[in-house]
Every structure is written in C-alpha cells, then in structure tokens.
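Structure assessment
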Amino acid sequence: LNIGVLVSGSGTNLQSIIDACANGTVKGRVACVISNKADAYALKRAEAAGIPAIHIDHTQFEGRRSYDAAVVEVLRRHGVELVALAGFMRIITQVLLDAFPMAVMNIHPALLPAFPGLHAQRQTLEYGAKLGGCTVHFVDAGTDTGPIILQAAVPVQDDDTEDTLAARILKEEHRLYPEAIRLFSEGKLKVEGRRVYVR
Ligand code: GRF
C-alpha cells in the first residue's frame, strides 16, 4: 500500500506510521509526505527516513480547490492509494475527496462526535468530560464528521492541563493510526453508510 501523509506540524503521528511500515506491522510504505508549512518538523522526519518530503505553500494558491488539485497531482505522481491526514491544519475540499474516494483518513484528538475542530483537548477539559481520547475516521466534506474507523478513550484526571491530557491522548494516537491503516491495507474495513465494520 502506498500511503501519502499530509502534515503541518511536528509529525509524531507520521513517525508512528513510518515506524509501523518499517517494522512490517503495516504492509505498505509512506510514498510521500506533503506539508503546507515549510518549517514543519514532519518534513525532517520524512527526509530522515528517505521519503520524498514536499512543501506545497498554500499562500501561493487562489483557493482551497486549486491547492488541493496541486496536492492530488503530487500524490498521484507518487502512486498514492491511501491519504493519511496527520496534523494537517487545513480544510480539504471535494477535489481531494473525489480523487481518493473512501481513501482519505484523519486522526482527531477527541472522542467524536464530541469536540470536533480546533483545540479538541482543551474543549474536552473545559467541558468537564471524564473521558477524552482519539478517533480515526474516513474524511468526508465536513470537519471531523466522516465515518468512524477506530476510537480509544483515556481518563481525564483532576490535575490535567491541556498538555498532560494531550500527551496521554497522543500515546493512544500513535497506536491507533497505524492500526487503522493496517486494517485498511489488509482490506478489512467495510463501510456501510456511516458505519465501518472490521471484517
Ligand atoms: C495530533 O494531536 C492529531 O490528532 C491532531 O494534530 C496533532 C498532530 O500531532 N490532528 P503530530 O504532528 O502528529 O505530532
């Protein structure tokens, strides 16, 4: 399986996917990494692993659709079959979704449908929820609304700050995202409407 990973930041989830491919858990390879930010540390991680690391600057494009068209071109050029959003801080359009039907995944640091959008861990704390967590889902046209593939919960502790909760969730993210990709790569994810079955 050729995986394309879209990033904007530090890329610890990217690293977990690279590692899962390297150790054979996922029978696939990260074919390219694309960042909208030139200084994303994730690009360094890609380079260190010998993976094409490509900066596509969103400020150089007219709108989201033309940006996504450029992204799709690079993904296609690298033979990508699954697109994994991993801390990619941009709203994507139908241009990307149409190019990779039911083959764009995202990880979100909350138990969806609770706390979509930005600062999910802060939202979790401020709401007073007793469980936080992460969700891997297929991406649809909405923000964090697509069919849920896997979730993992973690407790919220009384003395948690945004950072301590985020760290507890991130640990689960690094386990969950490669697992979802493994299931996809083995053809085990069956999507029926909103429901994703593992078979
Ligand atoms: C993660 O918390 C992910 O769930 C969210 O953005 C963060 C990315 O972290 N969408 P990293 O760049 O993978 O370290």
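Residues numbered from 1 in each chain as written. Predicted model: local features only at pLDDT ≥ 70, side-chain atom pairs only at ≥ 80, totals over all residues.

As annotated in an unreviewed UniProt entry, the chain carries the name Phosphoribosylglycinamide formyltransferase and is attributed to Geomesophilobacter sediminis. In the Function (unreviewed entry) part of its UniProt record, the chain is described as follows: "Catalyzes the transfer of a formyl group from 10-formyltetrahydrofolate to 5-phospho-ribosyl-glycinamide (GAR), producing 5-phospho-ribosyl-N-formylglycinamide (FGAR) and tetrahydrofolate." (UniProt positions renumbered as here; feature names shortened; annotations may be inferred.)

With numbering matched to this structure, UniProt assigns "binding site: N(1)-(5-phospho-beta-D-ribosyl)glycinamide" (unreviewed entry) to Gly-11, Thr-12 and Asn-13. With respect to the secondary-structure elements, Gly-11 resides in the loop between strand E1 (2-7) and helix H1 (12-22). Sequence-distant contacts of Gly-11, defined by excluding residues within four places in its chain, comprise Ala-40, Tyr-41, Ala-42, Arg-45, Ala-86 and Gly-87. Mapped onto the secondary structure, Thr-12 falls in helix H1. Take Thr-12: there are 16 C-beta atoms within 10 Å of it, and that puts it in the partly exposed class. Among all residues touching Thr-12, those that are not within four sequence positions of it are Leu-170 and His-174. (Helix = DSSP H or I, 4+ residues; strand = E, 2+ residues; numbered from the N terminus. Contact = placed C-beta atoms within 7 Å. Buried ≥ 20, exposed ≤ 12 C-beta atoms within 10 Å, placed from the backbone.)

UniProt marks Arg-64, Met-89, Arg-90, Ile-91, Ile-92 and Asn-106 with the feature "binding site: (6R)-10-formyltetrahydrofolate" (unreviewed entry), using the numbering shown here. With respect to the helices and strands, the residue Arg-90 is situated in the loop between strand E4 (82-85) and helix H4 (94-99). You can see Asn-106 is positioned in strand E5 (residues 104-108). Setting aside chain neighbours within four positions, we find Asn-106 in contact with Leu-85, His-137 and Val-139.

We now examine helix H3 (residues 64-77). Spacing of three or four residues puts side chains on the same side of an α-helix, whose turn is 3.6 residues. The terminal C-alpha atoms of H3 lie 20 Å apart, and with 14 residues this matches the ideal 20 Å at 1.5 Å per residue to within 8%. Tyr-67, Asp-68, Val-71 and Leu-75 are the residues of H3 that are buried. Summarising the axial view, the buried residues of H3 lie within an arc of 95 degrees, below the 170-degree limit, and thus occupy one face. Turned more than 90 degrees away from the buried face of H3, the exposed residues are Glu-73, Arg-76 and Arg-77. Taken together, the buried residues of H3 touch E1, strand E2 (29-35), E4 and H4. Gly-79 occupies a position one or two residues after H3 and carries a positive phi of about 70 degrees. (Expected span 1.5 Å × (residues − 1). Arc of directions from axis to C-beta.)

Turning our attention to the domain arrangement of the chain. Taken domain by domain, the chain holds domain 1 (1-101) and domain 2 (107-199). Centre-to-centre, using C-alpha coordinates, domain 1 lies 19 Å away from domain 2. Among the elements of the structure, H1, E4 and H4 are those that each provide at least two residues to the side of domain 1 that touches domain 2. Top contributing element to the side of domain 1 that touches domain 2 by residue count: H1, with five residues. (Domains from an automatic or database assignment.)

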